[in-house]
Amino acid sequence: MNIPSPYSRPVNYYETDRMSIVHHSNYIRWMEEARLDYMHKAGVDYPSMEADGIIMPVTGVKCSYKTSLRYGDTFTVKTTLTGFNGIRMEFSYKIYTDDPDNPCCVGESGHCFLDAVTRQPVSLRRHGLKYYEIGVNLLAAEQSAGKE
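Quantities reported herein were computed from a predicted structural model and do not represent experimental measurements.

Enquirer: Before we move on, could you go through the side chain of Glu15 and cite the residues and values that matter?
Expert: Its place among the elements puts Glu15 in the loop between strand S1 (7–10) and helix H1 (25–42). Among the residues examined, Glu15 registers a relative accessible area of 2% and is labelled buried. Side chain to side chain, Glu15 and Arg9 meet in a polar contact 2.5 Å long. In this view, Glu15 contacts Arg9, Pro10, Ile21, Val22, His23, Asn26 and Trp30; residues no more than four positions away in its chain are not counted.

Enquirer: Now, about the state of the cysteines: what can you tell me, with residues and values included?
Expert: Across all of its chains, the model carries zero disulfides by this definition. Not engaged in a disulfide, the cysteine Cys63 finds its nearest cysteine sulfur in Cys105; these two sulfurs lie 3.2 Å apart.

Enquirer: A description of a nonpolar patch on the surface should follow, citing residues and the corresponding values.
Expert: Nonpolar side chains collect at one region of the surface, where Ile28, Val58, Val61 and Tyr65 lie side by side and expose about 340 Å² of accessible area between them. You can see Ile28 is positioned in helix H1.

Enquirer: Hey, could you go over H1 for me, with residue numbers and the actual values?
Expert: For H1, with 18 residues, the first-to-last C-alpha span of 26 Å sits near the 26 Å given by 1.5 Å per residue. Along H1, the positions that sit buried rather than exposed are Asn26, Tyr27, Trp30, Met31, Ala34, Arg35, Asp37, Tyr38, Met39 and Ala42. Looking one or two residues beyond H1, the residue adopting positive phi is Gly43, at roughly 100°.

Enquirer: Can you explain the sheet that holds S1? Please cite residues and give values.
Expert: Read from one edge of the open sheet, five strands run S1-S4-S5-S6-S3, paired in antiparallel fashion. Since the sheet does not close on itself, it has two edges, and those belong to S1 and strand S3 (58–65), each with one partner. Strand-to-strand twist of the sheet, defined as the mean angle between neighbouring strand axes without regard to direction, takes the value 20°. Examined bridge by bridge, strand S5 (residues 88–96) and strand S6 (residues 105–112) share eight bridges and lie antiparallel to one another. Bridge pairing in S6 links Met89 to His111. Sheet strands touched by H1: S1, S3, strand S4 (74–84), S5 and S6. Its angle to S3, the strand with the most contacts, is close to 120°.

Enquirer: Explain the environment of Met39 to me, and be specific about the residues and the numbers.
Expert: Positionally, Met39 belongs in helix H1. When the C-alpha positions of Met39 and Pro4 are compared, they lie 8.0 Å apart, and in sequence the two are 35 residues distant.

Enquirer: Provide a residue-level description of the nonpolar core, including the pertinent values.
Expert: Core analysis: the largest hydrophobic core is formed by 37 residues, its most contacted members being Leu69 and Ile95. Those elements that place two or more of their residues in this core are H1, helix H2 (46–51), strand S2 (54–55), S4, S5, S6 and helix H4 (129–147). Per-element tally for this core: the top contributor is H1, with seven residues. When residues no more than four places from it in sequence are discounted, the contact partners of Ile95 are Tyr27, Trp30, Met31, Leu69, Phe75, Thr76, Val77, Pro103, Cys104 and Cys105.

Analysis parameters
Residues numbered from 1 in each chain as written. Predicted model: local features only at pLDDT ≥ 70, side-chain atom pairs only at ≥ 80, totals over all residues. Heavy atoms only, no water. Helix = DSSP H or I, 4+ residues; strand = E, 2+ residues; numbered from the N terminus. Buried < 20%, exposed > 50% of the residue type's maximum accessible area, 1.4 Å probe, protein only. Polar contact = N/O pair within 3.5 Å; in protein donor to acceptor, adjacent residues only side chain to side chain. Contact = heavy atoms within 4.5 Å. Disulfide = S-S within 2.5 Å. Patch = residues over 30% accessible without salt bridge, like charges linked within 9 Å, V, L, I, M, F, W, Y side chains within 5 Å. Areas by Shrake-Rupley, 256 points an atom, 1.4 Å probe, with all protein chains shown as cover. Salt bridge = Lys/Arg side-chain N within 4 Å of Asp/Glu carboxyl O. Expected span 1.5 Å × (residues − 1). Pairing = 2+ DSSP bridges. Axes fitted to C-alpha atoms, helices over the stretch in contact; angles between N-to-C directions. Core = buried A, V, L, I, M, F, W, Y, C linked by side-chain atoms within 4.5 Å.

See the structure below:
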């Protein structure tokens, strides 16, 4: 399986403060945008997952700011699946402009899978096999790429 390409877009004016610097809360929003883009490119359409009765809430998020982005900058988010067991999954993020080795921000997020009606934990191995297989294959591809 191919690892999905990074997500890019320009900074919008409304995402900045009075100093034309991106407000800190937007970096977490961008991680969500990039995660949904990553999942979509991997073949996991979140609306379809919800239609199948599975939701994926955030269990935790971490964000470390290195340098500020400003209105007019174009940023890229490199999303990496770092953990997956069919019940939980974790991602890491690097937000950068030109150089992925010099990120403006780095972050992580954790998620679990729940039944959309009961809000009880769900094992994708039992109740979402197609999503489970994609997750296993993506994690293997990410781990293989990390060894190169």
